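# What the coordinates show
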Amino acid sequence: MPEEARNQVAFLSLDWLLGEDTVEIWVGGIAAATTPGDGLTGRDLVALVAGLAPVDGGYNWRALSGARDGKPLIVLVQSPLQPACHPGHDLHVRLDVPYRGRDENGLPVRDVLPQLHALEDHFGRYADGAVIVAHETCDGVRTTHLYADRPAAAESLKPLIASWPDGRVRMTVTPDPAWKQVSHFTRR
């Protein structure tokens, strides 16, 4: 069988066995093998993939670090970061929250962290169905990335950000069905 046809059969078989969303979320690239493998059954594969998802139904989070313009960058990102995890959430809401209490590297000092966490918790509770998928902290700014299924989610955040004491919070709302605004967190 030609390679393209083998790969199509493999893809369709996995879709049938695991479900389209599960394949998109948990399975990377698909390429059909040309020689027999270890004898993994369909039932074994279903159990293996099911074991990847968090038991409590929540999300796995991954910590990343790096630098931006010579300043330390700390990121916490949902893993896996896939649009299929939240079908219909195709509106990217970016909130850039400044903070005054920072160390020489631009990272928040200890007494600022609870305020930033509380504000982000409010985003999660009041964002009218939006889901927080990542936040990044660098040089006096905490950027929170949410995805929503309707514009009302962003509107519901306006009263929260208006009362932030450390400066003006900038909110940017962009249609982004492919989640390109956060794709840089998934590059290997």
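Residues numbered from 1 in each chain as written. Predicted model: local features only at pLDDT ≥ 70, side-chain atom pairs only at ≥ 80, totals over all residues. Heavy atoms only, no water.

Once that is clear, we can look at the packing of helix α4 (residues 113–126) against helix α5 (residues 152–162). Here α4 crosses α5 at 155 degrees, and the two axes come no closer than 9 Å. As judged from the angle between their axes, α4 and α5 are roughly antiparallel. The handedness of the crossing between α4 and α5 comes out as right-handed. Of α5, the residues touching α4 (which contributes Leu119, His122, Phe123 and Tyr126) are Ser156, Leu157, Leu160 and Ile161. Split into classes, the residues belonging to the contact of α4 with α5 amount to six nonpolar, two polar and no charged. (Axes fitted to C-alpha atoms, helices over the stretch in contact; angles between N-to-C directions. Helix = DSSP H or I, 4+ residues; strand = E, 2+ residues; numbered from the N terminus. Parallel < 35°, antiparallel > 145°, perpendicular 65-115°, else oblique. Left-handed = near helix turned anticlockwise from the far one by under 90°. Contact = heavy atoms within 4.5 Å. Nonpolar A, V, L, I, M, F, W, Y, C, P; charged D, E, K, R; others polar.)

All right, on to the nonpolar core then. Of all hydrophobic cores here, the largest spans 21 residues; its most connected members are Leu95, Val97, Phe123, Leu146 and Leu157. Of all elements in the fold, only β3 (91–98), α4, β5 (141–148) and α5 reach the threshold of two or more residues within this core. In terms of residue count, α5 provides more of this core than any other element does, five residues in total. What leucine 146 contacts, discounting residues up to four positions off in sequence, is Leu91, His92, Val93, Leu95, Phe123, Ala127, Ala130, Val131 and Ile132. In terms of nonpolar packing, the next biggest core, distinct from the first, is built from 12 residues, Leu73, Val75, Val131 and Tyr147 among them. (Core = buried A, V, L, I, M, F, W, Y, C linked by side-chain atoms within 4.5 Å. Buried < 20%, exposed > 50% of the residue type's maximum accessible area, 1.4 Å probe, protein only.)

Glancing now at the sheet that holds strand β6 (residues 170–175). Read from one edge of the open sheet, six strands run β1-β2-β4-β5-β3-β6, paired in antiparallel fashion. Two strands bound the open sheet, and with one partner strand each, they are β1 (60–68) and β6. Averaged over all adjacent pairs, the angle separating strand axes in this sheet is 15 degrees, with direction ignored. Pairing geometry for β3 and β5, over eight bridges, is antiparallel. By the bridge assignment, aspartate 96 is partnered in β5 with threonine 143. Against the sheet, α4 engages β3, β4 (131–138) and β5, with an angle of about 15 degrees to β5. (Pairing = 2+ DSSP bridges.)

Along the chain, isoleucine 132 falls in strand β4. Overall, isoleucine 132 belongs to the buried group, its relative accessible area being 15%. Spatially, the C-alpha atom of isoleucine 132 lies 4.3 Å from that of leucine 146, the residues being 14 residues apart in sequence.

Right, let's talk about α5 for a bit. Among the residues of α5, those classed as buried are Ala153, Ala154, Leu157, Leu160 and Ile161. Projected onto a plane normal to the axis of α5, the buried residues spread over an arc of 100 degrees and lie on a single side. For α5, the exposed residues lying more than 90 degrees away from the buried face are Pro159 and Ala162. Of the surrounding secondary structure, the elements contacted by the buried residues of α5 are β3, α4, β5 and β6. (Arc of directions from axis to C-beta.)

Take a nonpolar patch on the surface next. Side chains of Tyr59, Trp61 and Leu76 sit close together on the surface and give an oily, nonpolar patch of about 280 Å² of accessible area. Among the structural elements, tryptophan 61 can be located in strand β1. With a relative accessible area of 38%, tryptophan 61 lands in the partly exposed category. (Patch = residues over 30% accessible without salt bridge, like charges linked within 9 Å, V, L, I, M, F, W, Y side chains within 5 Å. Areas by Shrake-Rupley, 256 points an atom, 1.4 Å probe, with all protein chains shown as cover. Salt bridge = Lys/Arg side-chain N within 4 Å of Asp/Glu carboxyl O.)

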